[in-house]
Amino acid sequence: MRVGVLSLQGAFREHLSVLDSLGVSCCKVTRPEHLDGLDSIILPGGESSAMVRIAAGTGFFPALRERIGAGLPVFGTCAGLILLADRLTDDSLDGFDRLGGLDVTVARNAYGRQRESFSAPVQVTGLDDAFEATFIRAPQILSIGNGVEVLSEYADVPVLVRQGNIWGGSFHPELGIDTRIHEEFLHSLGATV
Ligand code: GLN
């Protein structure tokens with residue numbers, strides 16, 4: 001099992017260290033050729049507008065979109081969720097290659113600015129105890145399509161969702177010492193972590 005972490009910008013190191021701590025083979029992914037041989041990819045939080053600019057014109061996102069469409073399991077967290085959302089409420093990323101694929105409508109920065117970052121316990125399907133979820137300039141999932149399963153909610157709003165091979169979360173599961181959400185995702189791939 002080899003898991004890539006999109007490493008253009010943002011919290012990729014934190015995801016890599018969670019995967020390392022779980023004994024999962026993992027690598028940074030910054031170019032289309034790095035997609036070969038991956039069993040899955042994680043798209044970290046950070047700044048989606050920076051990620052789309054860094055990837056612009058490289059053919060990277062179209063190549064990744066094709067892999068995801070062909071079934072490559074992907075987990076987008078925060079900015080990664082924004083990359084995967086089929087619909088955004090603002091036009092700030094219009095004109096840039098994004099990924100899409102996840103049938104949700106997302107509002108960027110809807111949980112407030114950096115200084116309004118917060119963490120809160122959320123219940124997650126499959127976990128016995130609450131997970132302390134950290135929201136940093138987080139996107140909000142405003143609506144979901146029929147095929148989207150809600151795995152967690154905060155204040156009656158979905159914050160972790162799954163549509164087949166595509167997982168998306170508005171918070172940062174890689175911050176802190178609780179690796180259970182990564183484990184759930186890896187279990188869905190058949191990994192025994
Ligand atoms: N606000 C960021 C964006 O719109 C996402 C924040 C994050 O990933 N923590 O890309």
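Keep in mind that this is a model prediction, so the values were computed, not measured.

What counts and how
- Residues numbered from 1 in each chain as written.
- Predicted model: local features only at pLDDT ≥ 70, side-chain atom pairs only at ≥ 80, totals over all residues.
- Heavy atoms only, no water.
- Helix = DSSP H or I, 4+ residues; strand = E, 2+ residues; numbered from the N terminus.
- Polar contact = N/O pair within 3.5 Å; in protein donor to acceptor, adjacent residues only side chain to side chain.
- Contact = heavy atoms within 4.5 Å.
- 1 Å grid on protein atoms, 1.4 Å probe; cavity = no way out; pocket = protein on both sides within 12 Å on 5 of 7 lines; lining within 4 Å.
- Points joined across faces, edges and corners; volume = space filled by probe spheres on them.
- Nonpolar A, V, L, I, M, F, W, Y, C, P; charged D, E, K, R; others polar.
- UniProt positions renumbered as here; feature names shortened; annotations may be inferred.
- Buried < 20%, exposed > 50% of the residue type's maximum accessible area, 1.4 Å probe, protein only.
- Disulfide = S-S within 2.5 Å.

Engineer: So what's going on with the side chain of Arg108? Residues and values would help.
Structural biologist: Looking at the element boundaries, Arg108 is found in the loop between β6 (102-107) and β7 (118-122). In terms of polar contacts, Arg108 uses its side chain to reach the side chain of Glu47, at 2.7 Å. Ignoring sequence-local partners within four residues, the contact set of Arg108 consists of Glu47, Ser48, Ser49, Ile82, Thr89, Asp90, Ser92, Leu93 and Pro139.

Engineer: I'd like to hear about empty space enclosed by the protein, residue by residue, with values.
Structural biologist: By rolling a water-sized probe across the atoms, one finds the places where empty space is left. Applying the stated rule across the entire model yields one cavity of 30 Å³ or more. Put simply, the largest cavity is a space of about 70 Å³. Partitioned by chemical class, the residues of the lining of the largest cavity number five nonpolar, three polar and three charged.

Engineer: Tell me about the UniProt feature "binding site: L-glutamine" (unreviewed entry) in the protein, and name the residues and values.
Structural biologist: Under the UniProt annotation, "binding site: L-glutamine" (unreviewed entry) lies at Gly46, Glu47, Ser48, Arg108, Ile136 and Arg137. In summary, the annotated positions, though distributed over 92 residues, converge in three dimensions, the widest C-alpha pair being only 12.8 Å. Set against the largest cavity, the annotated residues that line it come down to Gly46, Glu47, Ser48, Arg108, Ile136 and Arg137. Relative to the helices and strands, Glu47 resides in the loop between β3 (40-43) and α2 (48-55). A relative accessible area of 17% places Glu47 in the buried class.

Engineer: Now, about the state of the cysteines: what can you tell me, with residues and values included?
Structural biologist: What is meant by a disulfide is a covalent connection between two cysteines, made through their sulfur atoms. Enumeration over the complete set of coordinates arrives at zero disulfides. Cys26 supplies the cysteine sulfur nearest to Cys27, a cysteine that is in no disulfide, at a spacing of 7.1 Å.

Engineer: Summarise unusual backbone geometry; cite the residues concerned and give the values.
Structural biologist: Residue Asn109 is not a glycine yet carries a positive backbone phi of 55°. Residue placement: Asn109 occurs in the loop between β6 and β7. Even without a glycine there, the phi angle at Arg137 is positive, about 40°. Mapped onto the fold, Arg137 is located in the loop between β8 (131-135) and β9 (140-144).

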